[in-house]
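# Survey of secondary and tertiary structure
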Amino acid sequence: MNKRGHVLNALLLALGLGIVIEPGLDAATARTTAQITVPIVLGALFPDVDTAFGRHRKTLHSLPVLGIFLAYPIVFGNLQYVWIGVLTHYVLDVVGSRRGIALFHPLSDAEYGLPSGVTTSSKYADLVTVVVTAVELAIFWALHTYVVTLDLDLSAASEAAAGLGL
């Protein structure tokens, strides 16, 4: 997907997750949505920084990079929602586009993708983005409802990491 698709995906995700995390369409929902929108959009745009250096869809499109963004809020106590933007960027590139990404870079440059995608210049790119986003929101809703809350207070985890010298 192109930058437009990633921003569309991130904005729709932030809106949807705001409602998932704080249901009710009231001031609390608006506050939660505003709080998570910027981190999710920044996370969604971050992997494409590798267009300026390195190799696109390899250097910053890998599981080790995602691992750093998953660990960051636990270790430092901030950037809680940036990982969602990074993760959904990867999903959109794997499912929504034809090329795929190098998930195991730098160990392997093999690119992984699904045959379900379209080219970034396709007239169906926005439609594919919206469909992928709807599926992502359904998965996040299920995770939030049945597995773990996405409205995490990571201050305790951050304090534990600090106690370990991290």
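Cut-offs used in this document
- All residue numbers refer to positions counted from 1 along the written sequence of the respective chain.
- Predicted model: local features are reported for residues with pLDDT of at least 70 only, side-chain atom pairs are reported and counted for 80 or more only, and whole-chain, interface and lining totals are derived from all residues.
- The side-chain quantities take in all heavy atoms of the structure and omit both hydrogens and water.
- A run of H or I in DSSP becomes a helix once it reaches four residues, and a run of E becomes a strand once it reaches two; helices and strands are each numbered from the N terminus.
- Only the C-alpha atoms count toward the radius of gyration. The rule for a globule is 2.2 Å times the residue count to the power 0.38.
- Using a 1.4 Å probe on the protein chains alone, a residue whose accessible area is under 20% of its type maximum counts as buried, one over 50% counts as exposed, and one in between counts as partly exposed.
- Under this rule, positive means Lys or Arg and negative means Asp or Glu; His and the chain ends count for nothing.
- Charge placement uses NZ in Lys and CZ in Arg. For Asp and Glu, CG and CD serve respectively.
- Here a Phe, Tyr or Trp ring, Trp counted by its six-membered ring, pairs with any other such ring whose centre lies within 6.5 Å, and the pair is stacked when the planes are under 30 degrees apart, edge-to-face when over 60, and tilted otherwise.
- To define axes, lines are fitted to C-alpha atoms, for helices over the stretch in contact only, and angles between the resulting N-to-C directions are given on a 0 to 180 degree scale.
- Oblique is the label for any angle not covered by the other classes, which are roughly parallel (under 35 degrees), roughly antiparallel (over 145) and roughly perpendicular (65 to 115).
- Should the near helix be turned counterclockwise from the far one by less than a right angle, the crossing is left-handed, whereas a clockwise turn marks it as right-handed.
- In this description, contact between two residues means that some pair of their heavy atoms is separated by no more than 4.5 Å.
- Classes in brief: Ala, Val, Leu, Ile, Met, Phe, Trp, Tyr, Cys and Pro nonpolar; Asp, Glu, Lys and Arg charged; the others, Gly included, polar.
- Within this document, salt bridges are pairs made up of a side-chain nitrogen of Lys or Arg and a carboxyl oxygen of Asp or Glu, the two lying within 4 Å of each other.

## Regarding the overall build of the protein
When its secondary structure is counted, the protein shows six helices and zero strands. Its helices and strands in sequence order give the protein the pattern α-α-α-α-α-α, from N to C terminus. Relative to the globule expectation of 15 Å for 166 residues, the C-alpha radius of gyration of the protein, 16 Å, shows essentially globular dimensions. Taking the principal axes of the C-alpha coordinates as reference, the protein spans close to 40 × 40 × 30 Å. Here the protein, with 166 residues, has 42% of them falling under the buried criterion. Of the charged side chains in the protein, 9 are positive and 12 negative; the average position of the first set lies 15 Å away from that of the second.

## Describing the packing of aromatic side chains
One pass over the full model with this rule turns up five aromatic pairs. With a centroid separation of 4.6 Å and 40 degrees between ring planes, the pair formed by Y72 and F76 is classed as tilted. With a gap of four residues between them, Y72 and F76 both fall in helix 3 (residues 63-76), about one helical turn apart. A relative accessible area of 30% places Y72 in the partly exposed class. Overall, F76 belongs to the exposed group, its relative accessible area being 52%. Where W141 meets Y146, the ring centres are 5.7 Å apart and the plane angle is 90 degrees; that geometry is what we call edge-to-face.

## Topic: the packing of helix 2 (residues 27-45) against helix 4 (residues 82-96)
Across the interface, helix 2 lies against helix 4 with an axial gap of 6 Å and an inter-helix angle of 40 degrees. Put simply, helix 2 runs oblique to helix 4. Relative to helix 4, helix 2 is oriented so that their crossing is right-handed. Residues P39, I40, G43 and A44 of helix 2 form the contact with helix 4, whose participating residues are V82, I84, G85, V86 and H89. A per-class count over the contact of helix 2 with helix 4 returns six nonpolar, three polar and no charged.

## Structural notes on unusual backbone geometry
Note: most peptide bonds trans; most residues except glycine with negative phi. Along the chain, H105 connects to P106 via a cis peptide bond; the corresponding omega equals 10 degrees. Along the chain, P106 turns up in the loop between helix 4 and helix 5 (125-147). Even without glycine at this site, L25 takes up a positive phi of about 50 degrees. Following the sequence through the fold, L25 ends up in the loop between helix 1 (3-21) and helix 2.

## Quick word on the pattern of salt bridges
Within this structure, the stated rule accounts for five salt bridges. Where D109 meets R55, a salt bridge forms, and the shortest distance between an N and an O atom there is 2.7 Å. Here D109, found in the loop between helix 4 and helix 5, pairs with R55, found in the loop between helix 2 and helix 3; they are 54 residues apart in sequence, far enough to count as distant. Where E111 meets R99, a salt bridge forms, and the shortest distance between an N and an O atom there is 2.9 Å. Here E111, found in the loop between helix 4 and helix 5, pairs with R99, found in the loop between helix 4 and helix 5; they are twelve residues apart in sequence, far enough to count as distant. Overlapping salt bridges bring together K58, R99 and E111 as one network.

These results come straight from atomic positions and should not be treated as a statement about function.
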